[in-house]
Amino acid sequence: MDTPLREPTFLILTALAAEPMHGYGLIREVAALSDNRVSLRPGTLYGALDRLVDAGLVEVDREEVVDGRLRRYYRLSPGGETTLSAETERLRRNVEAATTQLSKRARAARPVTPRTVGGLA
């Protein structure tokens, strides 16, 4: 899977960077990481996880039965860590470039006030 990553994919990988998680935990963590801007539905999440597993970015960590239901935990694979690191660096460079350009704009937009030298303008 190449960068740039779509935001939900980036957030899923980010959520798994700290520790293995199951689906519902991922849904909650992605919402928290995005300040509730990204809300994953279970079907969307599991489709994304299947694609990420197929791409080698995520691995199944373990499975357990909870209340008679199978709960599968996922973890970031070494390839997923590499991809997440590369995407994070790409985004960091973009933020740095945008910040530089915005600061130039802000400096250019400041009104020029004449300086007084020896009491004259």
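Residues numbered from 1 in each chain as written. Predicted model: local features only at pLDDT ≥ 70, side-chain atom pairs only at ≥ 80, totals over all residues. Heavy atoms only, no water.

> I'd like a rundown of the packing of helix 2 (residues 23-33) against helix 3 (residues 42-54), residues and numbers included.
Relative orientation of the contacting elements helix 2 and helix 3 amounts to 105°, with a least axis distance of 10 Å. When the axes of helix 2 and helix 3 are compared, the pair comes out roughly perpendicular. The residues of helix 3 that touch helix 2, namely those facing Gly23, Tyr24, Leu26 and Ile27, are Pro42, Leu45, Tyr46 and Leu49. Among the residues forming the contact of helix 2 with helix 3, the class breakdown is seven nonpolar, one polar and no charged. (Axes fitted to C-alpha atoms, helices over the stretch in contact; angles between N-to-C directions. Helix = DSSP H or I, 4+ residues; strand = E, 2+ residues; numbered from the N terminus. Parallel < 35°, antiparallel > 145°, perpendicular 65-115°, else oblique. Contact = heavy atoms within 4.5 Å. Nonpolar A, V, L, I, M, F, W, Y, C, P; charged D, E, K, R; others polar.)

> Lay out helix 2 in plain terms, naming residues and giving numbers.
Of the positions making up helix 2, those classed as buried are Gly23, Gly25, Leu26, Ile27, Val30 and Ala31. Looking at the buried side of helix 2, the elements it contacts are helix 1 (7-18), strand 1 (21-22), helix 3 and strand 3 (69-76). Trailing helix 2 by a residue or two, Asp35 shows a phi angle of about 50°, which is positive. (Buried < 20%, exposed > 50% of the residue type's maximum accessible area, 1.4 Å probe, protein only.)

> Mind laying out the pairing of strand 3, listing which residues take part and the relevant values?
One ladder, built from two bridges, connects strand 1 with strand 3; its direction is antiparallel. Residue pairing across strands places His22 opposite Tyr73, the latter belonging to strand 3. Judged from the eight bridges that link them, strand 2 (residues 58-66) and strand 3 form a sheet pairing that is antiparallel. Looking at strand 3, one finds that Glu59 is bridged to Arg75. (Pairing = 2+ DSSP bridges.)

> Now, about unusual backbone geometry: what can you tell me, with residues and values included?
The phi torsion at Asp35 lies on the positive side, around 50°, for a residue other than glycine. Looking at where Asp35 falls in the secondary structure, it is placed in the loop between helix 2 and helix 3. Overall, Asp35 belongs to the exposed group, its relative accessible area being 67%. At Asp67, a position not held by glycine, the phi torsion is positive, near 50°. Note that Asp67 resides in the loop between strand 2 and strand 3.

> Describe the sheet that holds strand 2, naming the residues involved and giving the relevant values.
The strand order across the open sheet formed by three strands is 1-3-2, and the pairing between neighbours is antiparallel. At either margin of the open sheet sits one strand with a lone partner, and together these are strand 1 and strand 2. Strands in contact with helix 1 are strand 1, strand 2 and strand 3; relative to strand 3, the strand with the most contacts, it is inclined by about 90°.

> So what's going on with helix 1? Which residues, and what values?
Between its first and last C-alpha atoms helix 1 spans 18 Å; for 12 residues at 1.5 Å apiece the expected length is 16 Å, and the two agree. Every buried residue of helix 1 is listed here: Thr9, Phe10, Leu11, Ile12, Leu13, Ala15 and Leu16. Buried residues belonging to helix 1 abut strand 1, helix 2, helix 3, strand 2, strand 3 and helix 4 (78-109). (Expected span 1.5 Å × (residues − 1).)

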